[in-house]
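Secondary and tertiary structure notes
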Amino acid sequence: MSILPLIYIIITVAFIDTFSQLPIIAPFSSSLGASPMLVGIIIGLYSFSNILGNIVSGFWIDRIGPKKVLSVGMLSVGVILFFYSVAANPQQLVIIRFLHGFAGGLIVPAAFTFLGTMKTEKSKGKVMAFSGASVGAAAVIGPAIGAIISGRFGYNWLFYFITVIILVFAILAMIFTKEQLSDKKSLVPQESKPLSITRALIYAYISIFSLLFTLGILTFALPVKVDELNLSSELTGPLLSVFGIVAILFFILPTNRLYDRMKNMQLMTIGLITISLALLGLSLSATFLHLLFAMTVYGIGFACFSRQQVQPLLKVPETVNAEKPLGCFMHASLLELLSVLLVQVF
């Protein structure tokens, strides 16, 4: 039986963990007494510690295989999430956030390594489509869950809920996942070629750098804007979900023909300009409808970026260890920390 459906669900759950905190991490940090600067650091620290998690994940995947790394990462995240509910001050939250990001950094490279080792020329497109859909689904579900559960039952119940979900799928991953390497290769270490930085990979890195930079700004600024307009904090999650819905519609409607008709660099340029306009619109918004329109525009820009983020990683030659490009790819998350700090400066 193919394990691909389970891997796609695990990717979705892993990103729901991340996206569910987008609408609440800023107000939650403030509720513990964090200053605006410390709130920015707390938001970005998760992505920063992901760098270390990705590096360790790469080494472990090469030595013990993706299954053990995936299982350890998910179990660790499940345990760490619980401690959000007992954090009593911003200093404790900083430590928890760092550990959460590190453990989360183990999961995604391991999951995508599963996909990379099972890819074939015939199924490559489907793998790319379903992995993108998994992230898109998380972008829709996660923020809504985060805002609604925390708004109606409190922050702690959100952490309890995500803890249970992560632990359940950690157990399923331990039981049902099996390492299936391409061409039935074993995990015995073998000589591999150095990773070649191709133009496609450069496009992918620029894409994720830009996207995470703007996502860090959005994570900090949107809850502040919602509060400034005296809107319910529960609306932050649905607003963040809007860009995921728009991106998915962009994938499945005739607009997806742009992926075939336009070059990657052209799509990246359009995406960057579109996201910049969305952030400008967000800052100028005076009503909920204005915010909704700004997030719709952001979703279009997000969709333009998405292909560049996944496609080059699935084209890495078999002689190159899959975790190398994945690890380098994930290091771009440092930009999210930088972006929230720049928001504080300006």
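Residues numbered from 1 in each chain as written. Predicted model: local features only at pLDDT ≥ 70, side-chain atom pairs only at ≥ 80, totals over all residues. Heavy atoms only, no water.

Right, let's get into the overall build of the protein chain. When helices and strands are tallied, the protein chain shows 14 helices and zero strands. Reading the protein chain from its N end, one meets helices and strands in the order α-α-α-α-α-α-α-α-α-α-α-α-α-α. Here the protein chain holds 346 residues, and 53% of them are scored as buried. Taking the intrachain contacts of the protein chain between residues at least 6 apart in sequence as the baseline, contacts between residues at least 24 apart amount to 85%. By element, 71% of the accessible surface of the protein chain is carried by carbon and sulfur atoms, the whole surface being about 15600 Å². (Helix = DSSP H or I, 4+ residues; strand = E, 2+ residues; numbered from the N terminus. Buried < 20%, exposed > 50% of the residue type's maximum accessible area, 1.4 Å probe, protein only. Contact = heavy atoms within 4.5 Å. Areas by Shrake-Rupley, 256 points an atom, 1.4 Å probe, with all protein chains shown as cover.)

So, about unusual backbone geometry. Of note in this structure, Asn230 is not a glycine but carries a positive phi near 60°. In this structure Asn230 comes out as exposed when scored by relative accessible area, which is 71%.

Across the protein chain, the average pLDDT comes to 78, with 73% of residues at 70 or higher. By mean pLDDT, the top-scoring element of the protein chain is helix α4 (residues 66–84) (93), and the lowest-scoring one is helix α14 (residues 334–345) (49). Across residues 181–189, where pLDDT falls below 50, the model places 14 contacts with residues more than four positions away in sequence or in other chains. pLDDT under 50 marks residues 316–320. Its contacts with residues more than four places away, or in other chains, come to 11 contacts. (pLDDT = per-residue confidence, 0-100.)

Looking now at the pattern of salt bridges. Going through the model one piece at a time under the given rule, you end up with two salt bridges. The residue Arg152 makes a salt bridge to Glu234 at a minimum N-O spacing of 3.8 Å. Placement of Arg152 in helix α6 (residues 124–153) and of Glu234 in the loop between α8 (199–228) and α9 (236–252) is noted, with a sequence separation of 82 residues between them. Across the pair Lys225 and Glu228 runs a salt bridge, and its minimum N-O distance is 3.3 Å. Pair noted here: Lys225 and Glu228 are both in helix α8, with a separation of three residues, about one helical turn. (Salt bridge = Lys/Arg side-chain N within 4 Å of Asp/Glu carboxyl O.)

Before going further, it helps to examine the nonpolar core. Of all hydrophobic cores here, the largest spans 81 residues; its most connected members are Leu70, Leu218 and Tyr298. The biggest single contributor to this core is helix α5 (residues 90–117), with 11 residues. What Leu70 contacts, discounting residues up to four positions off in sequence, is Ile10, Ile107, Ala110, Ala111, Phe114 and Ala173. (Core = buried A, V, L, I, M, F, W, Y, C linked by side-chain atoms within 4.5 Å.)

As a packed pair, α4 and helix α7 (residues 155–176) sit with axes 8 Å apart at the nearest point and diverge in direction by 160°. Considering the angle they form, α4 stands roughly antiparallel to α7. The two elements α4 and α7 cross, and the hand of that crossing is left-handed. Within the contact between the two elements, α4 uses Lys67, Leu70, Ser71, Met74, Leu75, Val77, Gly78, Val79, Leu81, Phe82 and Tyr84 and α7 uses Phe159, Tyr160, Ile162, Thr163, Ile166, Leu167, Phe169, Ala170, Ala173 and Met174. (Axes fitted to C-alpha atoms, helices over the stretch in contact; angles between N-to-C directions. Parallel < 35°, antiparallel > 145°, perpendicular 65-115°, else oblique. Left-handed = near helix turned anticlockwise from the far one by under 90°.)

All right, on to the packing of helix α3 (residues 36–64) against α4 then. Running from N to C, α3 and α4 point in directions that differ by 135°, and their axes come no closer than 7 Å. Here α4 runs oblique to α3, going by the angle between their axes. Of the residues in α4, those in contact with Ser57, Trp60, Ile61 and Ile64 of α3 are Pro66, Lys68, Val69 and Val72. Across the contact of α3 with α4, the residue classes tally to six nonpolar, one polar and one charged. (Nonpolar A, V, L, I, M, F, W, Y, C, P; charged D, E, K, R; others polar.)

Below, the discussion takes up the packing of aromatic side chains. Describing an aromatic ring pair means giving the distance of the ring centres and the angle of the ring planes. All told, the structure shown has nine aromatic pairs when counted by the stated rule. Aromatic pair Phe28 and Phe159: ring centres 5.2 Å apart, planes at 65°, arrangement edge-to-face. Residue Phe28 is found in helix α2 (residues 25–31), and its partner Phe159 is found in helix α7; the two are separated by 131 residues along the sequence. Residues Phe28 and Phe159 agree in their burial class; the two are buried. (Phe/Tyr/Trp six-rings, centres within 6.5 Å; stacked < 30°, edge-to-face > 60°.)

Right, let's talk about the environment of Leu240 for a bit. Mapped onto the elements of the fold, Leu240 is located in helix α9. Take Leu240: its relative accessible area is 2%, and that puts it in the buried class. The contacts of Leu240, once residues within four sequence positions are left out, are Leu22, Pro23, Ala139, Pro143, Leu218, Leu222 and Met295.

Relative to the 27 Å expected for 19 residues at 1.5 Å per residue, α4 spans 27 Å between its end C-alpha atoms, a close match to the ideal helical length. Those residues of α4 that sit buried are Pro66, Val69, Leu70, Ser71, Gly73, Met74, Val77, Gly78, Ile80, Leu81 and Tyr84. (Expected span 1.5 Å × (residues − 1).)

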